[in-house]
Amino acid sequence: MKELLFLICLFAANTVQTVTGFAGSLLSVPAGMLLVGDTNAKVIVNIFILLSSLAVAVKDRKDINTKELFRICLFMLTGMTVGALISGIVNGRLLKTAYGVLIVMISLAMIFIKKRRKLPESVMILSLVCAGIIHRLFISGGALLVIYASVKMQDKKEFRSTVSAVWVVLNSVIAVEFYFQSAYCVYNLKLLSASAAVLAASVQLGKLLFGKISKEMFFKAAYPLLILSGIAAIV
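These remarks concern the structure in this document. Quick caveat: nothing in here was measured; it's all calculated off a predicted structure.

Some thoughts on the packing of helix H4 (residues 66–86) against helix H6 (residues 121–138)
Phase 1: Packing of H4 against H6 leaves a shortest axis separation of 6 Å and a crossing angle of 50°. One element, H4, and the other, H6, form an angle in the oblique class. Considering only the axes of H4 and H6, their crossing is right-handed. Packed against H4, whose contacting residues are Arg71, Ile72, Phe75, Met76, Gly79, Met80, Val82, Gly83, Ala84 and Ile86, the element H6 presents Glu121, Ile125, Leu128, Val129, Ala131, Gly132, Ile133, His135, Arg136 and Leu137 at the interface.
Phase 2: Of the residues belonging to the contact of H4 with H6, the class tally is 13 nonpolar, four polar and three charged.

Next comes the structure, spelled out in structure tokens:
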């Protein structure tokens, strides 16, 4: 029963991930950790997001902003290195709660403050490094990346394809790391195999919904999704 609930959660979260290019892990990891355990949830969600992002990035490769892709990966990989170094030191629960609160506050500001000041480039870079740290620790660094990407890329196809390509790179690194940590086991590999149809269905539905959403609706939906992601991190 727990596995079925987890697959339903994966389907819903991965549909959102395919539509927007983000939020899938933050929406599915918290529930997954309760249903199938911390490591199993992280392993399965990481592969799910990797494969669904690969499908989007390959199909829409012409829309990828290669300059921003390289820049984002450079600073987020730097953050992931920092995250690996501090993973055994920091209080993970406290850090994740603080991260959730920060995302909710920033998202509310982006929604309600109409007159926005341009953030210094140093702050934008710091947000990417912090996104990398969070992604290494919780596979959930998308919220801070979206705040950066929504400023840098105003076209919905460019945004979605570039962010998806980022997850292909970063989640591949994490997948290899999981291998060397012996995180793959018979249980999570069987669950991954059983979820293949769920992955395919969620990707197809996500692609269909993406084609029906206007640019304005796409970006208007981003910040409420970030708020939901932030709440998921807090809970």
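Quick look at a nonpolar patch on the surface
Phase 1: A grouping of Met1, Leu4, Leu5 and Ile8 is seen on the molecular surface, where their side chains present a nonpolar patch of about 430 Å² in accessible area.
Phase 2: The residue methionine 1 is located in the segment before helix H1 (2–20) in this model.
Phase 3: Of the residues examined, methionine 1 reaches a relative accessible area of 70% and is grouped as exposed.

Some thoughts on the packing of aromatic side chains
Each aromatic ring pair is specified by the distance between its two centres and by the angle formed by the two planes.
Phase 1: Following the criterion strictly, the structure yields one aromatic pair and no others.
Phase 2: Note on tyrosine 179 and phenylalanine 180: the rings are 5.4 Å apart at their centroids and 80° apart in plane angle, and the pair reads as edge-to-face.
Phase 3: Since its relative accessible area comes to 57%, tyrosine 179 is described here as exposed.
Phase 4: Sitting over the face of the ring of phenylalanine 210, lysine 156 holds its NZ or CZ atom 4.4 Å from the ring centroid.

Concerning the side chain of serine 52
Phase 1: As for its position among the elements, serine 52 is in helix H3 (residues 38–59).
Phase 2: Residue classification places serine 52 among the buried positions, given a relative accessible area of 1%.
Phase 3: A polar side-chain atom of serine 52 sits 3.2 Å from the main-chain carbonyl oxygen of isoleucine 49.

Here is what the cut-offs are and how they apply
Residues numbered from 1 in each chain as written. Predicted model: local features only at pLDDT ≥ 70, side-chain atom pairs only at ≥ 80, totals over all residues. Heavy atoms only, no water. Axes fitted to C-alpha atoms, helices over the stretch in contact; angles between N-to-C directions. Helix = DSSP H or I, 4+ residues; strand = E, 2+ residues; numbered from the N terminus. Parallel < 35°, antiparallel > 145°, perpendicular 65-115°, else oblique. Left-handed = near helix turned anticlockwise from the far one by under 90°. Contact = heavy atoms within 4.5 Å. Nonpolar A, V, L, I, M, F, W, Y, C, P; charged D, E, K, R; others polar. Patch = residues over 30% accessible without salt bridge, like charges linked within 9 Å, V, L, I, M, F, W, Y side chains within 5 Å. Areas by Shrake-Rupley, 256 points an atom, 1.4 Å probe, with all protein chains shown as cover. Salt bridge = Lys/Arg side-chain N within 4 Å of Asp/Glu carboxyl O. Buried < 20%, exposed > 50% of the residue type's maximum accessible area, 1.4 Å probe, protein only. Phe/Tyr/Trp six-rings, centres within 6.5 Å; stacked < 30°, edge-to-face > 60°. Lys NZ or Arg CZ within 6 Å of the ring centre and 35° of its normal. Polar contact = N/O pair within 3.5 Å; in protein donor to acceptor, adjacent residues only side chain to side chain.

It is worth stressing that arrangement in space is one thing and function is another; only the former is reported here.
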